[in-house]
Amino acid sequence: MEPTSGSDTPHADPVAPPGIDVSTPHPARRYDYWLGGKDNFEADRASAEAVAEAFPSVQIAALENRAFLHRAVGHLATEAGIRQFLDLGAGLPTAGNVHEIAQSAAPESHIVYVDNDPIVALHARSLLDTAPQGATVYLEADARHPQPILSHPDLLATLDLSRPVALIMLAVMHFFTDEDRPYEVVRELVDALAPGSYLVMSHATSDHLSEEDLHETEQANKRSGIPFRLRSTAEFREFFDGLELVDPGIVSIINWPTESRRAHPRPEAVSMLGAVARKP
């Protein structure tokens, strides 16, 4: 899917399903806009453009984050032998979803997607076809509350939590402010998984920003209407306490597992950290 820009191409709103509030921006629909999708609304596009004012390469960051997902899931399916995936904050379906990547390597893979936007649910349930040997389900739930997810009958019917699971949280935790207990939430999720499970995360970082740029970015995020918390490498590393980082450890998403051979921006233009870690 080719990216589009709201400033270059007229963008007509899709018809919103009854009862869905499209006047408030949502991260999944904003991300869809950056990826060139059509399932977003004026509030989402205005929020996206507010972020882009301070971080003009944000669309590139979104595309690179998607590429990191491909590489990480591919590694886990082919190299680590993982056959179960829990994707929290899955977003709107687009080309190269987790089940497509995993099941291309191992058709028997089981995938559970989770998001909290009813529009994501509407599209996910109709588009997430699965290999007949495997299984794919979607749950509408909020990652801030792990227990309802971990105990959901559809999850328990799809994933065997006594066996290794890859927990995927890409571009999710930077929407958790400190008041949302981000580290406790991740720990609660990881604690529920079997030894040999993996945590895959990406997170927007403040590492490359001057004090002035950081202030400008924080103000832009406030204008966007979506809570957002940049974190440093040191702060990101705390999510992996007690886990074994897979080489090369915590790096820019463009450099995992090795530097991409295709043309890509500098790490500071993406400003997104990524890592994969194993639960011993």
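One can find the structure itself at the top, above this paragraph.
Residues numbered from 1 in each chain as written. Predicted model: local features only at pLDDT ≥ 70, side-chain atom pairs only at ≥ 80, totals over all residues. Heavy atoms only, no water.

J.: Before we move on, could you go through the pattern of salt bridges and cite the residues and values that matter?
T.: Summed over all chains, the structure comprises nine salt bridges. Taking the shortest distance from any N to any O, the salt bridge between glutamate 108 and arginine 83 comes out at 3.1 Å. Of the two residues, glutamate 108 is situated in the loop between helix 4 (98-105) and strand 2 (110-115) and arginine 83 in the loop between helix 3 (58-78) and strand 1 (84-88); the sequence distance between them amounts to 25 residues. The class for arginine 83 is partly exposed, based on a relative accessible area of 24%. Arginine 187 is the partner of aspartate 191 in a salt bridge, and the nearest nitrogen-oxygen pair spans 3.8 Å. With a gap of four residues between them, aspartate 191 and arginine 187 both fall in helix 8 (residues 182-191), about one helical turn apart. Taking the relative accessible area as the measure of exposure, arginine 187 reaches 27% and is therefore partly exposed. Shared partners join several salt bridges into a network, and the residues in it are Asp178, Arg229, Arg231 and Glu235. (Salt bridge = Lys/Arg side-chain N within 4 Å of Asp/Glu carboxyl O. Helix = DSSP H or I, 4+ residues; strand = E, 2+ residues; numbered from the N terminus. Buried < 20%, exposed > 50% of the residue type's maximum accessible area, 1.4 Å probe, protein only.)

J.: How would you summarise the packing of helix 3 against helix 4 if you had to cite specific residues and measurements?
T.: Relative to each other, helix 3 and helix 4 sit at 35°, their axes nearing to 9 Å. As helix 3 runs across helix 4, the sense of the crossing is right-handed. Here helix 3 contributes Leu69, His70, Val73, Gly74, Ala77 and Thr78 to the contact with helix 4, which in turn contributes Val98, Ile101, Ala102 and Ala105. For the contact of helix 3 with helix 4, a count of residues per class yields seven nonpolar, three polar and no charged. (Axes fitted to C-alpha atoms, helices over the stretch in contact; angles between N-to-C directions. Left-handed = near helix turned anticlockwise from the far one by under 90°. Contact = heavy atoms within 4.5 Å. Nonpolar A, V, L, I, M, F, W, Y, C, P; charged D, E, K, R; others polar.)

J.: Outline the pairing of strand 2, listing residues and values.
T.: Counting buried residues along strand 2, five of its six residues qualify, which places the element largely inside the surrounding structure. Relative to strand 2, strand 1 is paired through five bridges, and the arrangement is parallel. Residue pairing in the sheet places glutamine 84 in a bridge with histidine 110 of strand 2. Bridging between strand 2 and strand 3 (residues 135-140) involves six bridges; their strand directions are parallel. Across the sheet, the residue bridging to histidine 110 is alanine 135, located in strand 3. (Pairing = 2+ DSSP bridges.)

J.: I'd love a proper account of the packing of aromatic side chains, names of residues and values included.
T.: Between two aromatic rings, the relevant description is the distance of the centres plus the angle of the planes. Taken as a whole and judged by the stated rule, the model has five aromatic pairs. Plain terms: the ring middles of phenylalanine 68 and tryptophan 256 are 5.8 Å apart, the flat faces sit at 85° to each other, and that makes the pair edge-to-face. Of the two residues, phenylalanine 68 sits in helix 3 while tryptophan 256 sits in the loop between strand 7 (251-252) and helix 11 (267-270), which places them 188 residues apart along the sequence. Judged by relative accessible area, which is 0%, phenylalanine 68 ranks as buried. (Phe/Tyr/Trp six-rings, centres within 6.5 Å; stacked < 30°, edge-to-face > 60°.)

J.: Any chance you could break down the environment of proline 195 for me, citing the residues and the numbers?
T.: As for its placement among the helices and strands, proline 195 is situated in the loop between helix 8 and strand 5 (198-204). When its relative accessible area of 56% is taken as the criterion, proline 195 is described as exposed. Sequence separation between proline 195 and proline 164 is 31 residues; the distance between their C-alpha atoms is 6.4 Å. Residue contacts for proline 195: discarding those within four places in its chain leaves Pro164, Lys279 and Pro280.

J.: Break down helix 4 for me, with residues and values.
T.: Listed in full, the buried residues belonging to helix 4 are Val98, His99, Ile101, Ala102 and Gln103. Check the buried side of helix 4 and you find it contacts helix 3, strand 1, strand 2, strand 3 and strand 4 (166-170).

J.: Residues and numbers for unusual backbone geometry, please.
T.: In this structure, the amide linkage connecting aspartate 247 to the following residue, proline 248, adopts the cis form with an omega of 10°. Mapping proline 248 onto the fold places it in the loop between strand 6 (244-245) and strand 7. A cis amide bond links tryptophan 256 to the next residue, proline 257, at an omega of 0°. Mapped onto the elements of the fold, proline 257 is located in the loop between strand 7 and helix 11. Phi angles above zero are rare outside glycine, and alanine 171 is one such case at about 50°.

J.: Got a sec to walk through the environment of arginine 30? Specific residues and values, please.
T.: Turning to its location among the elements, arginine 30 is positioned in helix 1 (residues 27-34). Among the residues examined, arginine 30 registers a relative accessible area of 2% and is labelled buried. A sequence separation of 196 residues divides arginine 30 from isoleucine 226, and the C-alpha atoms of the two residues are 10.0 Å apart.

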